[in-house]
Amino acid sequence: MSTTKEMPKAYEPSAVENKWYPLWEKRGYFHGTPDPDKKPYSIVIPPPNVTGILHLGHVLNNTLQDILIRWRKMQGYEVSWFPGTDHAGIATESKVEKTLREAGEPGRDELGRENFIEKVWDWRKQYGGTIIKQLRKLGTACDWERERFTMDEGLSFAVRKVFVELYEKGYIYRGQRMINWCPVAQTALSDEEVIYKDIAGKFYHYKYPLSDGSGFLEIATTRPETMFGDTAVAVHPEDERYKHLIGRTVDLPLTDRKITIIADEHADPEKGTGCVKITPAHDPNDFEVGKRHNLEVLSIMNNDATLNSKCGPEFDGLDRFEARKKCVRMLEEQGLMLKIEDIQHAVGYSERGDVPIETMVSAQWFCNMKELARPALEAVKNGDIKFHPERWSKTYFHWMENIQDWCISRQIWWGHRIPAWYNDETGEIFVGMEAPDEGGPWRQEEDVLDTWFSSWLWPFSVMGWPEKTEELEYFYPTADLVTGPDIIFFWVARMIMAGCEFMDEIPFKNVYFTSIIRDEIGRKLSKSLGNSPDPLDVIDTYGADALRFSIIYIAPVGMDIRYSNEKCELGRNFANKLWNACRFRQMQGPVTEGFRDLSGVDHSKLTADEKWIISWINEAIAMTNKSLEEFRFHFAAHEIYELVWNNFCDWFIETSKVRLWAGGEEKQQALQVLDFVLFKILRLLHPFMPFITEELAHQMGFLGDNETIMHERYPQPLENMKIPSIMDKDPDLLDMVEAKFQLVRAGRSLKANYGIADGKKVNYFVKAINQANAAFLKQETASLKTLLNAEHVEISLEDFDVETNGAAPSQLSNCGTIYLPLKGLIDLDEEMKKLDKQKKQLLGWIKGSEAKLSNEKFLSKAPEKVVNEAKEHLEGLKHKLQRVEELIADLK
RNA sequence: GGGCGAUUAGCUCAGUUGGCUAGAGCACUUGGUUUACACCCAAGUUGUCACAGGUUCGAGUCCUGUAUCGCCCACCA
C-alpha cells in the first residue's frame with residue numbers, strides 16, 4: 001500500500017464517504033451469519049415508517065445502534081443489525097390519498113379497495129426506500145440482506161398466526177365498546193394514539209326543565225351538542241338536593257324527548273351542579289352508567305363527526321362544532337342558558353389527524369392484555385431486561401399494571417386484513433389462517449389490524465418466525481434495543497409481551513432510551529415550525545462522521561438535546577484535527593512495522609513522554625469500553641476527543657518533534673510509537689466515525705486495499721497485551737511528565753504576559769524543586785526547548801541569580817520555578833501584584849487546610865487516605881508559599 | 001390529581017457509590033502565517049452550583065421542603 005500520496009490539508013468527507021459505503025456493503029461486511037464459534041450480537045432497528053424521511057431523531061437513534069454494532073463486531077461478536085420499514089397503516093394510507101388528490105387522480109373510494117391497495121404498493125415501490133437509502137448516508141452497518149417490511153409475506157403470515165392464536169386463547173375478541181374515533185382518518189384508534197391537549201373551552205350551564213313544570217335542573221357541560229344523545233340525567237343517590245327528583249323526568253330541550261332522572265354514584269355532588277347529563281353513546285363514563293341502568297345507547301354522530309338524523313332535521317349533517325354553536329344559540333333563545341364560563345380542559349386529539357377525537361361506541365376487535373402483561377412485567381422487575389436510564393421502568397410498570405384492552409381493528413385498507421370471516425346466514429364468525437374452505441356465504445372482515453400489531457412481533461418476525469430458522473435460533477433474543485421513550489407503550493412494552501408469549505423468551509436484554517432532540521430554544525423539531533434540519537444537508541456541509549460525533553458528544557444521558565447545525569462544527573473540527581494528526585505523521589515517512597504492537601521498539605528505551613501517552617491511551621481504551629458497556633455514549637465520545645486533541649495532538653505530537661527532527665534511531669522509535677498510538681485511536685474511534693477512520697487506516701498504510709478496519713480488534717487495555725515493560729507503572733514518572741507540561745504552560749504564560757510572540761526564541765531559567773526533578777528536567781531539556789520555543793533552557797537547583805541577571809518575571813509550577821530573564825525589562829509593579837495575589841490565595845488555602853487538619857473529628861473520622869492527602873496538600877501549599885516569598889524578596 | 005425530570009460560567013452542558021482550590025465546548029479578550037491543522041496554536045476573562053432548612057469531619061453530590069420550567073399518566077361532567 002502506497003503512502004506517498006500527499007493528503008489534502010483539510011479533510012473532505014463526501015468523497016471518502018461515497019467511496020467506502022458501497023465497498024463495505026458489496027464486500028458483505030455488514031452481513032452476519034450464524035457461527036457457533038462466535039458469540040452472537042444482534043439488534044433490530046426500530047423500523048421507520050415507510051413514508052418517512054430521515055430526521056435528526058433517526059440520526060441519533062441509528063448512530064447509537066451503529067456504534068454498538070461496530071463496537072461489538074470489532075470485539076469479535078458475530079453481529080447482525082436487522083433493518084426494515086414499517087407499513088404505518090394510517091400514515092401511509094393518508095399520504096397516498098393525498099398524493100392521488102394532488103395528482104388529480106381518482107381517490108380512494110373511487111378506486112375501491114383492491115385498486116387502492118395496489119396504488120399504495122406502487123407508491124411504496126417508488127418512494128418507500130427513501131429512508132433506507134438515507135440511512136446509508138449515515139454509514140449504518142445494517143445487515144441489508146436481511147431487510148424486512150412489516151407487510152412482507154413472512155411477516156404477514158406471522159401476524160395472522162398470532163391473531164389466530166390469541167383468538168383461540170380467548171384474548172382477542174370482537175365487541176361493542178367505547179372507542180376513540182378519528183373523524184379525519186375515520187377509523188378507531190387505540191388509547192395510546194390519543195394525545196391530550198389542554199385547550200381553552202367553554203363550560204355551559206343550562207336548564208333541563210322538569211316535565212311536570214315544577215322547575216328545572218341545572219346541568220353543566222363542555223359539549224352541549226351531545227345532548228341529542230342524552231338518555232338520562234344522573235344525580236348522586238345521597239344528594240339531598242335532588243333525592244326527591246329521582247325517577248321523575250325532564251324535557252330534553254331542542255327535542256321532544258323526556259329523559260329520566262336516575263341515581264348513580266358517578267354524579268359527584270361536589271362538582272358542577274351535581275347533575276350530569278348522561279350520553280352513553282359518546283362518553284366512556286356515561287357508557288358505564290348506561291350499562292348499569294340499562295339506558296339506550298343513542299348514537300348521534302356520523303363517522304365524519306357530523307350529527308346524524310337522530311338530532312332532527314335542523315342538526316342533521318351539521319359539523320359537531322357548528323352544531324355546538326347552534327345549540328348554544330337556540331338554548332339562549334329559549335331562555336334556558338344560565339351562564340357560560342371559560343375553562344381550560346384536556347381534550348383528546350388524534351395523533352394523525354390533529355383534530356379532537358370522538359369517543360363512541362362501536363363494534364371493534366380487542367385484545368385483552370392482562371395475561372400477556374404478567375411475564376413481561378416480571379422480566380423487567382427481575383432485571384432480565386434492563387432499561388437505561390433505569391427510571392423509565394417506573395413508567396413501564398405503571399402502564400403495565402393498569403393495562404387496558406387493546407383496540408386492534410382499524411377501518412382502513414392498508415394493513416393486515418383481519419383473518420376473520422362472517423357467515424351472514426348463520427351469524428358464525430370464523431377465525432383462521434386462511435378463508436374457510438367449506439362453501440357458504442363467508443365474507444372476510446373489512447378491517448385491518450393496528451400497525452403495532454405487526455411491529456410488536458418485529459424482533460422475531462424479522463428472523464423468520466414462525467419458521468424455526470437458523471437465524472432465529474442464533475440471533476434471538478437480540479441484545480440491545482435503542483429507541484425513543486415516546487414509544488415505550490406502543491412498541492417496547494408490547495414487544496416484551498409478544499416475546500414472552502410467542503417465543504417464551506424476552507426479545508432483548510437492554511433497552512436504551514434516547515434523548516429527544518429539540519431546537520436551540522428547546523422546541524420540539526417539527527416540519528410545521530420549520531426548525532427541523534435535513535440531516536442530508538448537514539451531512540453535505542459537515543460530513544456524516546461530523547454529524548454522528550457531534551450529536552453523540554452533545555447528547556446528555558436521558559435528557560433532551562438542544563441541537564443546532566452549528567454544533568456540528570465540533571465534529572467537523574475534530575475530524576479535521578485527526579486528519580491532520582495523521583497527515584503530520586505521514587509526512588515523516590512510511591509506516592513502521594510496529595504499528596500493531598510496538599514490535600520494533602525496545603520497550604526499555606521508551607521515553608517518559610512515550611510512556612505517558614501510552615498510559616493515556618490505555619486509560620482511554622478502558623474508559624471507552626466501560627462507557628459503552630454502560631450505554632454512556634457521550635462519555636466515550638468525550639474520552640476519545642480529549643485523548644486525541646489534548647493529550648495526543650497538543651502534547652505528544654509536539655514533544656515527539658524533538659525526536660523526529662533528531663533523526664536516526666530516535667526518529668524510528670518516535671515513528672513506531674506514533675503509529676502504534678494512531679492505529680489504536682483509529683480503531684477506538686471507528687464505531688463513532690466510521691468513514692474517516694477507515695480512510696485514515698488505509699492512508700496511513702495500516703491496512704491493505706482488501707482489508708477493513710471493521711475486521712480489526714477493538715482496543716483492549718494493554719494489560720492484556722503482554723507489554724509489561726510499558727506497563728510497569730511508574731506513577732512518579734507520569735506525574736513528572738505532567739509537571740513538565742505545567743512548567744511549559746508557566747513559561748508560555750510568562751512570554752504572553754510580556755507580549756513576546758510565541759514564536760520568538762527566548763532563554764529560560766528553571767529552578768527545580770528537588771534533585772529528582774532537576775535530573776528529570778535536565779534529561780528533558782530538548783523537549784522543553786521545543787515546547788517552549790526557547791533558545792536555551794537552563795535547569796538548576798540553585799537560585800536564580802538576581803545580582804547578575806537582574807530581577808526576572810517568574811511562575812511557579814509543581815516541578816520548579818521558571819524565570820524569563822528580560823534584562824531589566826521587567827515590570828516590577830505587575831510582578832509584585834501577581835505575587836501578592838498568589839500569596840494571599842496561598843495563605844487562604846493554607847488557613848483552610850490547617851483548620852481542616854486541626855479538626856479532631858476530621859482526623860478521626862475521615863479515611864486515612866483522605867487525611868494523608870490533605871497533609872501532603874498542605875505541605876505543598878507551604879512549600880509554594882515559601883517560594884513565592886523568596887520571589888517577592890528577590891524583587892525587592 | 002398522580003408520577004418523572006431539570007435548575008452549575010453570557011449560551012449548551014459534564015461533574016457515576018459525598019473528599020473541588022467546581023470543569024468542557026461555544027462565545028468573548030490578547031497575541032500569533034513556528035516546516036499537521038486558522039476547521040489552527042498560545043495565553044487569558046467568566047460561577048452566592050435555583051432557594052430554605054437538615055444529615056455529615058466534609059454537600060454541586062444525600063434527605064426534607066419551596067419556587068420556576070418541561071414531560072408523562074389520569075374518565076372528569
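Up top you'll find the structure we're talking about.
> How should I be thinking about helix 1 (residues 13–26) in this particular structure?
Since the α-helix packs 3.6 residues into each turn, any two residues three or four apart lie on the same face. With 14 residues, helix 1 should reach 20 Å at 1.5 Å per residue; the first-to-last C-alpha distance of 20 Å fits that figure. Among the residues making up helix 1, those that are buried are P13, V16, E17, W20, Y21 and W24. One side of helix 1 carries all its buried residues, which in axial view fall inside an arc of 115 degrees. Across from the buried face of helix 1, at angles greater than 90 degrees, the exposed residues are A15 and K26. The elements touched by buried residues of helix 1 are helix 2 (56–74), helix 6 (130–138), helix 16 (535–542), helix 17 (544–553) and helix 22 (690–699). Count one or two residues on from helix 1 and you reach G28, which has phi positive near 75 degrees.

> Is there a simple way to think about the pairing of strand 5 (residues 172–182) in this case?
Two faces, one strand: in a regular strand the side chains alternate between the faces of the sheet. Pairing of strand 5 with strand 14 (residues 358–367) involves 10 bridges; the strand directions are antiparallel. Counted as the bridge partner of Q176 is A363 from strand 14. Adjacent in sequence and paired antiparallel, strand 5 and strand 6 (residues 187–189) are bridged by 4 residues, among which Q186 carries a positive phi angle near 55 degrees.

> Looking at this structure, how should I read the sheet that holds strand 18 (residues 420–423)?
Each strand in a sheet pairs with its neighbour through backbone hydrogen bonds, running either in the same direction (parallel) or in the opposite one (antiparallel). Taken in spatial order, the 3 strands of this open sheet run 19-18-20, and their pairing is antiparallel. Across the chains shown, the open sheet's two edge strands, defined by having one partner strand only, are strand 19 (429–431) and strand 20 (442–444). For this sheet, the mean inter-axis angle between neighbouring strands, taken without regard to orientation, is 30 degrees. Across 3 bridges, the pairing between strand 18 and strand 20 is antiparallel. Opposite N423, over in strand 20, you have W442 as the bridge partner.

> Where do I start with the packing of helix 21 (residues 664–685) against helix 22 in this structure?
With their axes 8 Å apart at the nearest point, helix 21 and helix 22 run at an angle of 155 degrees to one another. In terms of axis orientation, helix 21 runs roughly antiparallel to helix 22. The hand of the helix 21/helix 22 crossing is left-handed. Between helix 21 and helix 22, the residues in contact are F679, L682 and L685 and T693, L696 and A697, respectively. In the contact of helix 21 with helix 22, the residues fall into 5 nonpolar, 1 polar and no charged.

> Would you take a moment to explain the packing of aromatic side chains for this structure?
Think of a pair of aromatic rings as described by two things: how far the centres are apart, and how the planes are tilted against each other in angle. Under the definition given, this model contains 52 aromatic pairs. The side chain of K207 reaches across the aromatic face of F216, ending 4.7 Å from its centre. The ring centre of F635 lies 4.3 Å from the NZ or CZ of R632, which sits over that ring.

> Whenever I open this one, the protein's contact with RNA strand B confuses me. Can you help?
With respect to spatial proximity, 58 residues lie near RNA strand B, and among them K271, V276, N580, W845 and K861 are the closest. Considering RNA strand B, the proportion of its atoms within 4 Å of the protein that are sugar or phosphate atoms stands at 52%. One nitrogen or oxygen atom from the side chain of N285 is found 2.8 Å from a base oxygen belonging to RNA strand B. Between RNA strand B and the protein, one listed contact pairs a phosphate oxygen with a side-chain N or O atom of K394 at 3.0 Å. Those elements that provide at least two residues to the surface near RNA strand B are strand 8 (216–221), helix 11 (392–401), helix 18 (568–587), helix 20 (633–662), helix 24 (731–753), helix 29 (856–861) and helix 30 (864–891). Considering only residue class, the surface near RNA strand B consists of 23 nonpolar, 15 polar and 20 charged.

> Sorry if this is basic, but what is going on with the pattern of salt bridges here?
Any two side chains of opposite charge can pair, so long as their charged atoms come close to each other. In the structure shown here, the tally under the stated rule is 55 salt bridges. Put simply, E102 and K98 hold a salt bridge, and the shortest N to O gap is 4.0 Å. Residue E102 and its partner K98 are located together in helix 3 (residues 89–102), separated by 4 residues, close to a single helical turn. For E314, the salt bridge goes to K326, with nearest N and O atoms at 3.7 Å. With E314 in the loop between helix 8 (284–293) and helix 9 (320–333) and K326 in helix 9, the pair connects residues that are 12 residues apart, well separated along the chain. According to the relative accessible area criterion, E314 is partly exposed, its value standing at 47%.

Definitions and cut-offs
Residues numbered from 1 in each chain as written. Chains lettered and ligands numbered in written order. Predicted model: local features only at pLDDT ≥ 70, side-chain atom pairs only at ≥ 80, totals over all residues. Heavy atoms only, no water. Helix = DSSP H or I, 4+ residues; strand = E, 2+ residues; numbered from the N terminus. Expected span 1.5 Å × (residues − 1). Buried < 20%, exposed > 50% of the residue type's maximum accessible area, 1.4 Å probe, protein only. Arc of directions from axis to C-beta. Contact = heavy atoms within 4.5 Å. Pairing = 2+ DSSP bridges. Axes fitted to C-alpha atoms, helices over the stretch in contact; angles between N-to-C directions. Parallel < 35°, antiparallel > 145°, perpendicular 65-115°, else oblique. Left-handed = near helix turned anticlockwise from the far one by under 90°. Nonpolar A, V, L, I, M, F, W, Y, C, P; charged D, E, K, R; others polar. Phe/Tyr/Trp six-rings, centres within 6.5 Å; stacked < 30°, edge-to-face > 60°. Lys NZ or Arg CZ within 6 Å of the ring centre and 35° of its normal. Near = heavy atom within 4 Å. Polar contact = N/O pair within 3.5 Å; in protein donor to acceptor, adjacent residues only side chain to side chain. Salt bridge = Lys/Arg side-chain N within 4 Å of Asp/Glu carboxyl O.

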